[in-house]
Amino acid sequence: MKTKSKKSTALPAIVPRAIWKKARQKLLVKEKQLTRALDKLAAERRRLPMTPVAENYAFKNTAGEANLLDLFEGRRQLVIYHHMWLGAPDYCSGCASIVDNFPRLEHLHARNTSLVQVSDGPWSEIKAFQKRMGWTLPWYSSQGTTFNRDCGVEEGSFGLSIFLRADDSVFQTYFTTSRGVDRLRFDFNLLDLTPLGRQETWEDSPKGWPQTPPYKWWRLHDEYEQTPKRKRA
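Just so it is clear, the structure is predicted and the values come from calculations on it, not from any experiment.

1. Let's talk about the overall build of the protein chain
Phase 1 of the analysis: Assigned secondary structure in the protein chain consists of seven helices and eight strands.
Phase 2 of the analysis: Split into buried and exposed, the 233 residues of the protein chain put 34% on the buried side.
Phase 3 of the analysis: Relative to all contacts within the protein chain whose residues are 6 or more apart in sequence, the contacts with residues 24 or more apart total 59%.
Phase 4 of the analysis: Accessible surface, the protein chain: about 16000 Å² in total, of which carbon and sulfur atoms supply 55%.
Phase 5 of the analysis: With 37 positive and 26 negative side-chain charges, the protein chain shows a spacing of 12 Å between the two charge centroids.

Here it is in C-alpha cells:
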C-alpha cells in the first residue's frame, strides 16, 4: 500500500554559492544602514528629557517592603519590566517568554544598571510562579499602588521603563510597550534571521511558508510538551 507523502515546506531559491554571496552582500548593505539608523535613534534616546518620580511607592517581595530607590540596589540606572499579571493560574506566556530571554545580570551591573520586574499582583502568587519558572531575576509586587499606571502601563498590560537616579531623586527617562519590547527577546531576534522567521501570519513571507496566528503558539517554557494552552476567559 502506498502512503501519502507529506506536503513539503516551500523553500528559498537554490543557487550557486557565488550568486548567494552577491545576494547576501546586497542585503548586508541594508543591514548596515539599519544598524547606523539604530545608533542614531539610540543617540536621540540618550538625549530625551526626563521626568521626576515623586511618589514613594511601596513594593513587596521575599525580603519585605522596598521603595523605588531600593530597587536600584545602589546603582545609577534601573530597568523595570512591568510583567503583566492576569491572576494565577492564567499567567501571561508572552511576558514569561520575555523573562526567559533575560541575560545574566552581571553584564548590566558592570555598567551601573539594575534590572528587576514588577507586577501588580499579590506577592504570594508571584512568588509561587517565580519558583515554578526557576527565575532568579528580582521580582516585586506593586499591588495597592499606582506605580504601573503612573509609568505608562495600561491596566492589564505590560511595558518597559528606564529610570535614572541622582542621589535620592529618581527620574523616569523612557517607556515602551507592545512591539517596543520585541528587542528584549533573543528568540524573536534569532528567528528573524532564519528563512522561516517567526512563522506568524502577520509576517511578509513567501507563499507556502508555515505560519500560525501570533500569540496562539506561545506557551510557558514547561508547557510546550503538554496539551494546547487553554483559552483565556
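Picking up where we left off.
2. Quick notes on the pairing of strand E4 (residues 77-82)
The side chains of a regular strand alternate between the sheet's two faces.
Phase 1 of the analysis: The buried count for E4 comes to five of six residues, which makes it a mostly enclosed element.
Phase 2 of the analysis: One ladder, built from six bridges, connects E4 with strand E7 (residues 159-166); its direction is antiparallel. Across the sheet, valine 79 pairs through a bridge with isoleucine 162, a residue of E7.

3. Observations regarding the side chain of aspartate 182
Phase 1 of the analysis: Inspection of the secondary structure puts aspartate 182 in the loop between strand E8 (169-176) and helix H7 (186-191).
Phase 2 of the analysis: Judged by its relative accessible area of 13%, aspartate 182 is buried.
Phase 3 of the analysis: Reaching out from aspartate 182, the side chain makes a polar contact with the side chain of arginine 198 at a distance of 2.9 Å.
Phase 4 of the analysis: Not counting the four nearest positions on each side in its chain, aspartate 182 is found in contact with Phe188, Asn189 and Arg198.

4. Examining the state of the cysteines
Phase 1 of the analysis: Counted by the stated rule, this structure contains zero disulfides.
Phase 2 of the analysis: For the unlinked cysteine cysteine 92, the closest cysteine sulfur is that of cysteine 95, found at 3.5 Å.
Phase 3 of the analysis: Just so you know, cysteine 151 is unpaired, no disulfide at all, and the nearest cysteine sulfur is the one on cysteine 95, 15 Å from it.
Phase 4 of the analysis: For cysteine 151, a relative accessible area of 8% translates into the label buried.

5. A short note on a nonpolar patch on the surface
Phase 1 of the analysis: A cluster of nonpolar side chains, namely Val15, Ile19 and Trp20, defines an oily patch on the protein surface of about 290 Å² accessible area.
Phase 2 of the analysis: Considering the arrangement of structural elements, one finds isoleucine 19 in helix H1 (residues 17-46).
Phase 3 of the analysis: Take isoleucine 19: its relative accessible area is 48%, and that puts it in the partly exposed class.

Cut-offs used in this document
Residues numbered from 1 in each chain as written. Predicted model: local features only at pLDDT ≥ 70, side-chain atom pairs only at ≥ 80, totals over all residues. Heavy atoms only, no water. Helix = DSSP H or I, 4+ residues; strand = E, 2+ residues; numbered from the N terminus. Buried < 20%, exposed > 50% of the residue type's maximum accessible area, 1.4 Å probe, protein only. Contact = heavy atoms within 4.5 Å. Areas by Shrake-Rupley, 256 points an atom, 1.4 Å probe, with all protein chains shown as cover. Lys, Arg positive; Asp, Glu negative; His and termini not counted. Charge placed at Lys NZ, Arg CZ, Asp CG, Glu CD. Pairing = 2+ DSSP bridges. Polar contact = N/O pair within 3.5 Å; in protein donor to acceptor, adjacent residues only side chain to side chain. Disulfide = S-S within 2.5 Å. Patch = residues over 30% accessible without salt bridge, like charges linked within 9 Å, V, L, I, M, F, W, Y side chains within 5 Å. Salt bridge = Lys/Arg side-chain N within 4 Å of Asp/Glu carboxyl O.

Coordinates in, geometry out; function isn't part of it.
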